[in-house]
Amino acid sequence: MTNKTRSSFPWDIPQTKPDRDLSKAMERLYSNYLTPRPEDNPLFSSFKYTELSGFDYNHHDGTVSRRDPSKIVKVDNKYYVWYTKRDTVSPPRGAKLCSDTVPSTDWDLAEIWYATSSDGFNWQEQGVAVPRPAKPNLGWRSVSTPDILLWEGKYYLYYQAFMEASGLVGDHCPVTMSVSDSPDGPWRPCNKVIVENGQSGSWDQFSIHDPYPLVYKGKIYLYYKAAFGDRPDYLVGNGLAIADNPFGPFDKHPLNPVLNSGHETTYFPFQEGIAAFAIRNGNESNTIQYSPDGVNFSLASVTSLMPVAAGPYVPEAYTNSGYAKGIEWGLCHFSDKKDPTTKHSFLGRFDCNLTLEGGNKDMK
Ligand code: AAL
């Protein structure tokens, strides 16, 4: 439905707040969202999903899993994505039954792999980017959930580094980083914790998850999730740590957490600020949020069927453009959790309309 058709309805929602008493719901329409009508709201979109070609899953028997894709970057006309890959003797068996070869969770005993594509639909898996290092190095049990930063001509992968099987005690792990001169590697581990856990009793004392670096205001803005407790009582907050150098120090923002909801949160520069997908966990799940300063987020829209663990193609993720145009597609993951004997995840593509242009936002 176009705006033209819409505005011909006599009862259509006025674009500006009417000068009369309003119900709470109508009041909220003008105070909570970027625009009262989703058709005009640059941060409203539905999502469309497409199967990818190029990844082999061993007939989806649960021994092979790919999940938590990074942002996508384009280098020499090729798209690159990094992700968690598990290729194990069995599907995850839980903390009680795991061993040196049997994974506890879908992201246990994993490595970071990468793939390339010329069109975003057909992918070629290139191989391992960051293998599990020998014990007792950071991440010896599992390396997972990567994201990528381009900074002054070099490439930096930030990822979770497990020192014990996930699930033995929560899902606890720190974040570390590897650096390379090329997206094809080789990757050199920095061998240190990049974002420190909070002090005992603080909101991010146990784990720093889902590191997500962007370049904003000339600095590295690294968003992350911290988890209190175990699934399903999984209470999350999302924080921000800022650095001038990819090796750190990363200073945590004094207002952390900056998001009260959102698991595997996705961020991208939008207009002069930062937009975020809060996909699940928390009162504000299924919302797209916007902060004009990268710190103070408000609801921009409420939507549904959002991409899980989305890694979008963000043309302005590292350009420090000052006024960004948004995103149109990326990769995400789907998890097959119903049957414990084949539990695994696989990658898919999402398309959306989260660009500066308004227009119809329903993806068909
Ligand atoms: C994901 C992410 C992190 C968690 C686990 C693997 O969805 O939030 O990466 O540790 O689940």
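Rules and cut-offs
- Residues numbered from 1 in each chain as written.
- Predicted model: local features only at pLDDT ≥ 70, side-chain atom pairs only at ≥ 80, totals over all residues.
- Heavy atoms only, no water.
- Near = heavy atom within 4 Å.
- Polar contact = N/O pair within 3.5 Å; in protein donor to acceptor, adjacent residues only side chain to side chain.
- Areas by Shrake-Rupley, 256 points an atom, 1.4 Å probe, with all protein chains shown as cover.
- Nonpolar A, V, L, I, M, F, W, Y, C, P; charged D, E, K, R; others polar.
- Pairing = 2+ DSSP bridges.
- Helix = DSSP H or I, 4+ residues; strand = E, 2+ residues; numbered from the N terminus.
- Axes fitted to C-alpha atoms, helices over the stretch in contact; angles between N-to-C directions.
- Core = buried A, V, L, I, M, F, W, Y, C linked by side-chain atoms within 4.5 Å.
- Buried < 20%, exposed > 50% of the residue type's maximum accessible area, 1.4 Å probe, protein only.
- Contact = heavy atoms within 4.5 Å.
- Phe/Tyr/Trp six-rings, centres within 6.5 Å; stacked < 30°, edge-to-face > 60°.
- Lys NZ or Arg CZ within 6 Å of the ring centre and 35° of its normal.
- Disulfide = S-S within 2.5 Å.
- Salt bridge = Lys/Arg side-chain N within 4 Å of Asp/Glu carboxyl O.

1. Remarks on the site of the ligand
Piece 1. Surveying the vicinity of the ligand reveals 12 residues, the closest of which are Thr145, Asp171, Asp210, Lys225 and Glu264.
Piece 2. Between the ligand and Asp210, the relevant distance is 2.7 Å, taken from an oxygen atom to a side-chain nitrogen or oxygen of the residue.
Piece 3. Protein contacts shield 100% of the accessible area of the ligand, which totals 270 Å² for the unbound molecule.
Piece 4. Taken together, the residues that form the shell around the ligand break down as one nonpolar, four polar and seven charged.

2. A few points about the sheet that holds strand 16 (residues 273-278)
Piece 1. The strand order across the open sheet formed by four strands is 15-16-17-18, and the pairing between neighbours is antiparallel. Strand pairing shows two members of the sheet lacking a second neighbour, strand 15 (266-270) and strand 18 (298-302), which therefore form its edges. On average, each strand axis in the sheet is tilted by 25° relative to the strand beside it, whichever way the strands run.
Piece 2. Sheet topology note: the strand 15/strand 16 ladder contains five bridges and is antiparallel. In the strand pairing of strand 16, Phe268 is matched with Ala275.

3. Looking at the nonpolar core
Piece 1. With 68 residues, the main nonpolar core has Trp82, Tyr223 and Phe277 as its most contacted residues.
Piece 2. Ranked by residue count, the leading element in this core is strand 12 (residues 219-228), at six residues.
Piece 3. Counting 15 residues, the second largest nonpolar core, distinct from the first, contains Tyr79, Val81, Tyr83 and Trp113.

4. Section: the environment of Tyr49
Piece 1. Tracing the backbone shows Tyr49 in strand 1 (residues 48-51).
Piece 2. Measuring from C-alpha to C-alpha, the distance between Tyr49 and Leu97 comes to 35 Å, with 48 residues separating the pair along the chain.
Piece 3. Beyond its immediate stretch of four places on either side in the chain, Tyr49 contacts Leu305, Met306, Pro307, Cys332, Phe334, Arg349 and Phe350.
Piece 4. Of the polar contacts made by the side chain of Tyr49, one reaches the backbone oxygen of Leu305; its length is 2.6 Å.
Piece 5. Here the side chain of Tyr49 touches Met306 through a polar contact of 3.4 Å, landing on its backbone oxygen.

5. Remarks on the packing of aromatic side chains
Piece 1. In the structure shown here, the tally under the stated rule is 24 aromatic pairs.
Piece 2. Centroid distance Phe268 to Phe277: 5.9 Å. Interplanar angle 80°. Geometry classified as edge-to-face.
Piece 3. One aromatic cluster in this structure is built from Phe47, Phe268, Phe270, Phe277, Tyr290 and Phe350.
Piece 4. The cationic tip of Arg66 hangs over the ring face of Tyr57; the distance from NZ or CZ to the ring centre is 4.6 Å.

6. Considerations on the state of the cysteines
Piece 1. Considering all chains together, one arrives at zero disulfides under this definition.
Piece 2. This cysteine, Cys332, is not joined by any disulfide, and Cys352 carries the nearest cysteine sulfur, 10 Å off.
Piece 3. Take Cys332: its relative accessible area is 0%, and that puts it in the buried class.

7. Concerning the environment of Phe277
Piece 1. Mapped onto the elements of the fold, Phe277 is located in strand 16.
Piece 2. Among the residues examined, Phe277 registers a relative accessible area of 0% and is labelled buried.
Piece 3. Residues Phe277 and Ala310, spaced 33 residues apart in sequence, show a C-alpha to C-alpha distance of 8.6 Å.
Piece 4. In contact with Phe277, not counting residues within four places along its chain, are Phe47, Thr265, Thr266, Phe268, Thr287, Ile288, Met306, Pro307, Ala310, Ile327 and Leu354.

8. Focus: the pattern of salt bridges
Any two side chains of opposite charge can pair, so long as their charged atoms come close to each other.
Piece 1. Enumeration according to the criterion identifies 17 salt bridges in this entry.
Piece 2. In this structure, Asp106 and Arg86 form a salt bridge, with 3.0 Å as the shortest nitrogen-oxygen distance. Separated by 20 residues along the polypeptide, Asp106 in the loop between strand 4 (78-87) and strand 5 (111-117) and Arg86 in strand 4 bring together distant segments of the chain. Residues Asp106 and Arg86 agree in their burial class; the two are buried.
Piece 3. With a shortest N-O distance of 2.8 Å, Lys219 and Asp244 are connected by a salt bridge. Of this pair, Lys219 sits in strand 12 while Asp244 sits in the loop between strand 13 (235-243) and strand 14 (251-252), placing them 25 residues apart in sequence.
Piece 4. Residue class for Lys219 comes out partly exposed when judged on its relative accessible area of 33%.
Piece 5. In the salt-bridge network here, residues are joined through shared partners; they are Arg67, Asp68, Arg86, Asp106, Glu264 and Arg280.

9. Thoughts on the side chain of Ser104
Piece 1. Among the structural elements, Ser104 can be located in the loop between strand 4 and strand 5.
Piece 2. Looking at Ser104, its side chain comes within polar contact range of the main-chain oxygen of Ser166, at 2.6 Å.
Piece 3. Dropping the residues within four chain positions of it, Ser104 is found in contact with Pro92, Arg93, Gly94, Ala95, Cys98, Ala165 and Ser166.

10. A word on the pairing of strand 6 (residues 123-130)
Piece 1. Bridging between strand 5 and strand 6 involves six bridges; their strand directions are antiparallel. Within the sheet, the bridge partner assigned to Ser117 lies in strand 6 and is Trp123.
Piece 2. Connecting strand 5 to the antiparallel partner strand 6 that follows it, the hairpin turn spans five residues, and Gly120 within it adopts a positive phi of roughly 85°.

11. Focus on the side chain of Ser144
Piece 1. You can see Ser144 is positioned in strand 7 (residues 142-151).
Piece 2. Polar side-chain contacts of Ser144 include one of 2.8 Å to the side chain of Thr145.
Piece 3. Not counting residues up to four positions away in its chain, the partners in contact with Ser144 are Thr84, Trp107, Ile112, Tyr159, Gln160 and Phe162.

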